[in-house]
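If you want the building blocks of each chain, they are given just below.
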Amino acid sequence: MKIVTQVKLMPDAVQASVLERTLRTVNDAANWVAEVAFEHGVPREYELRKHTYAELRARGLGAQAAQHVIKKVRDSYTTLKANIRGGNLGKEGSQRRRKAESKPITFRPQAAQPYDDRCLSWQHDQQTVSIWTVDGRVKNVSFVCSPDALTMLQAHRQGESDLIERGGVFYLVATCDVPEAEQYEPDGFIGVDLGIENIATASTGYLAAGRGLNRYRKRQLALRAKLQKKRTKSARRRLKARARKEARHAANSNHIISKTIVTEAERTGRGLSLEELKGIRNRVRLRKPWGHLPAEGWGRVALHSWAFAQLADFIVYKAKRAGVPLVFVDPAYTSQTCAECGHVDKRNRVGQGLFICRGCGVVAHADRNASHNIATRGESVWNAGRESRVSATP
């Protein structure tokens, strides 16, 4: 299981200047390689290397750094192609898609640069690194991190690490290959229903209300609107800082929610059942207006400002580390099905938070009812997966 660990570099003034110049140099080179790739129809990495490697070496890049720049560019075009194929940039002929296809990919001066063990070495005891730069090898660059992160680096770091700069601060993001814990046989399943009014509702009764997070988003939206009207350089700088702050806030909330859910499953010896996320933005609806926004504006902001996939990813990797069994189920009709009698009716869902069964008359919280249905489906999926479908040997 791959987990990323981030450490903060603490270079002195001279080291910081060299690191900044290195990132600018490699990303300038990456922009040139991207133009060459665009002119040649984005060839394979080996062919692209023949067109660009000699020039990159002439620009002062080391052998491994040049290879990483070429690979970074080729991977970026592969990602762009996947996004186009998946419809993430709009339909064919849309303005956003035409803009992406009509020009080479560009890299920011502070964009991440990958390093392997030949360009970067770690001294865990001294908490320093030795790193390649355009001015040669720079040694004894200090870094700081939590004790858990340091233990993770010492025990499980493998593969490449990325050097990035954010707001004048340098970070190394390392990949750690952590072994998964052995799964236990679950004694039932906990269903987790995802939403916006309630971010996550578990069949155990745990409910992560979205009220506080929605208030936070509303305030951030108003601040963004004020800054966007100014159209100044400082306003744009503040907008970027606020975007990063909001992303950190959402990630922290998702970490807390996912840890609570996984810990409860581990404590009770049960598995976790999550709804399949594909198409969730089309399924989730919220018509309540938000401040000055009409219903449609609320829908856009609410649906696209919460990281559905991030919360699910956090639950998945925490479950794997703890050995908690986890399955994904089809969420179709879980909000319209009675968890008590199984009666399905669109009218069962009376309101956003109220469920009244037309069959047996049970009254329940709508999201909790859905979470119980997801738990039941999860147990069915788990049991079906254990059943052997191979015919018995005569």
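Residues numbered from 1 in each chain as written. Predicted model: local features only at pLDDT ≥ 70, side-chain atom pairs only at ≥ 80, totals over all residues. Heavy atoms only, no water.

**Student:** Describe the nonpolar core, naming the residues involved and giving the relevant values.
**Tutor:** Residues Leu-9, Leu-61, Trp-122 and Leu-163 are the most contacted members of the largest nonpolar core, which totals 48 residues. With 10 residues, the single largest contributor to this core is helix α1 (residues 13-39). In terms of nonpolar packing, the next biggest core, distinct from the first, is built from 23 residues, Tyr-216, Ile-261, Ala-312 and Leu-326 among them. (Core = buried A, V, L, I, M, F, W, Y, C linked by side-chain atoms within 4.5 Å. Buried < 20%, exposed > 50% of the residue type's maximum accessible area, 1.4 Å probe, protein only. Helix = DSSP H or I, 4+ residues; strand = E, 2+ residues; numbered from the N terminus.)

**Student:** Let's hear about the sheet that holds strand β9 (residues 198-202): which residues, and what values?
**Tutor:** Within the open sheet, the five strands sit side by side as β10-β9-β8-β11-β12. Their pairing is mixed. The open sheet is flanked by β10 (207-209) and β12 (326-329), the only strands paired with a single partner. Each strand axis lies, on average, 20° off the axis of its neighbour in the sheet, ignoring direction. Across three bridges, the pairing between β9 and β10 is antiparallel. (Pairing = 2+ DSSP bridges. Axes fitted to C-alpha atoms, helices over the stretch in contact; angles between N-to-C directions.)

**Student:** Requested: an account of the side chain of Thr-128, with residues and values cited.
**Tutor:** Turning to its location among the elements, Thr-128 is positioned in strand β4 (residues 128-133). Discounting chain neighbours no more than four positions away, the residues touching Thr-128 are Ser-121, Trp-122, Gln-123, Asn-140, Val-141, Ser-142 and Phe-143. (Contact = heavy atoms within 4.5 Å.)

**Student:** Before we move on, could you go through helix α6 (residues 211-230) and cite the residues and values that matter?
**Tutor:** Here α6 spans 30 Å end to end across 20 residues, near enough to the 28 Å set by a 1.5 Å rise per residue. Within the span of α6, buried status applies to Leu-213, Asn-214, Tyr-216, Arg-217, Gln-220, Leu-221 and Leu-227. The buried residues of α6 all sit within an arc of 150° when viewed along its axis, so they share a single face. Of the exposed residues in α6, those oriented more than 90 degrees away from the buried face are Arg-211, Arg-215, Arg-219, Lys-226, Lys-229 and Lys-230. One or two steps after α6, the chain reaches Arg-231, where phi turns positive at roughly 55°. (Expected span 1.5 Å × (residues − 1). Arc of directions from axis to C-beta.)

**Student:** So, the sheet that holds strand β7 (residues 169-177): which residues are in play, and what are the values?
**Tutor:** The sheet built from seven strands is open, its strands ordered β2-β6-β7-β1-β5-β4-β3 with antiparallel pairing. Of all the strands in the sheet, the pair left with one neighbour each is β2 (113-115) and β3 (120-123). This sheet shows a mean twist of 35° between the axes of neighbouring strands, independent of strand direction. In this sheet, strand β5 (residues 136-144) lies alongside β4 in antiparallel orientation, the contact comprising five bridges. Of the residues in β5, the one forming a bridge with Val-129 is Val-141. In the packing of helix α5 (residues 147-156) onto the sheet, the strands contacted are β1 (2-10), β3, β5, β6 (157-166) and β7, and the crossing angle to β7 comes to about 50°.

**Student:** Give a description of the confidence of the model for the protein that names residues and reports values.
**Tutor:** For the protein, the mean per-residue pLDDT works out to 87, and 90% of the residues sit at or above 70. The least confident element of the protein, judged by mean pLDDT, is helix α9 (residues 295-304) at 47; the most confident is β4 at 96. pLDDT under 50 marks residues 287-299. Its contacts with residues more than four places away, or in other chains, come to 18 contacts. (pLDDT = per-residue confidence, 0-100.)

**Student:** Could you give me a rundown of unusual backbone geometry, with the residues and numbers involved?
**Tutor:** The phi angle at Val-42 is positive, at roughly 50°, despite the residue not being glycine. By secondary structure assignment, the location of Val-42 is in the loop between α1 and α2 (45-58). A positive phi angle is found at Gln-127, which is not glycine, with a value near 50°. Position of Gln-127 among the secondary structure elements: in the loop between β3 and β4.

**Student:** Describe in detail a positive patch on the surface, supporting the description with residues and values.
**Tutor:** On the surface, Arg-108, Arg-166, Arg-219, Arg-231, Lys-233, Arg-236, Arg-237, Arg-238, Lys-240, Arg-244, Lys-245 and Arg-248 cluster together into a positively charged patch. Top element by residues in the positive patch is helix α7 (residues 233-268). It accounts for eight residues. (Patch = residues over 30% accessible without salt bridge, like charges linked within 9 Å, V, L, I, M, F, W, Y side chains within 5 Å. Areas by Shrake-Rupley, 256 points an atom, 1.4 Å probe, with all protein chains shown as cover. Salt bridge = Lys/Arg side-chain N within 4 Å of Asp/Glu carboxyl O. Lys, Arg positive; Asp, Glu negative; His and termini not counted. Charge placed at Lys NZ, Arg CZ, Asp CG, Glu CD.)

**Student:** Tell me about the packing of aromatic side chains, and name the residues and values.
**Tutor:** Within this structure, the stated rule accounts for three aromatic pairs. Sitting over the face of the ring of Tyr-171, Arg-166 holds its NZ or CZ atom 4.5 Å from the ring centroid. (Phe/Tyr/Trp six-rings, centres within 6.5 Å; stacked < 30°, edge-to-face > 60°. Lys NZ or Arg CZ within 6 Å of the ring centre and 35° of its normal.)

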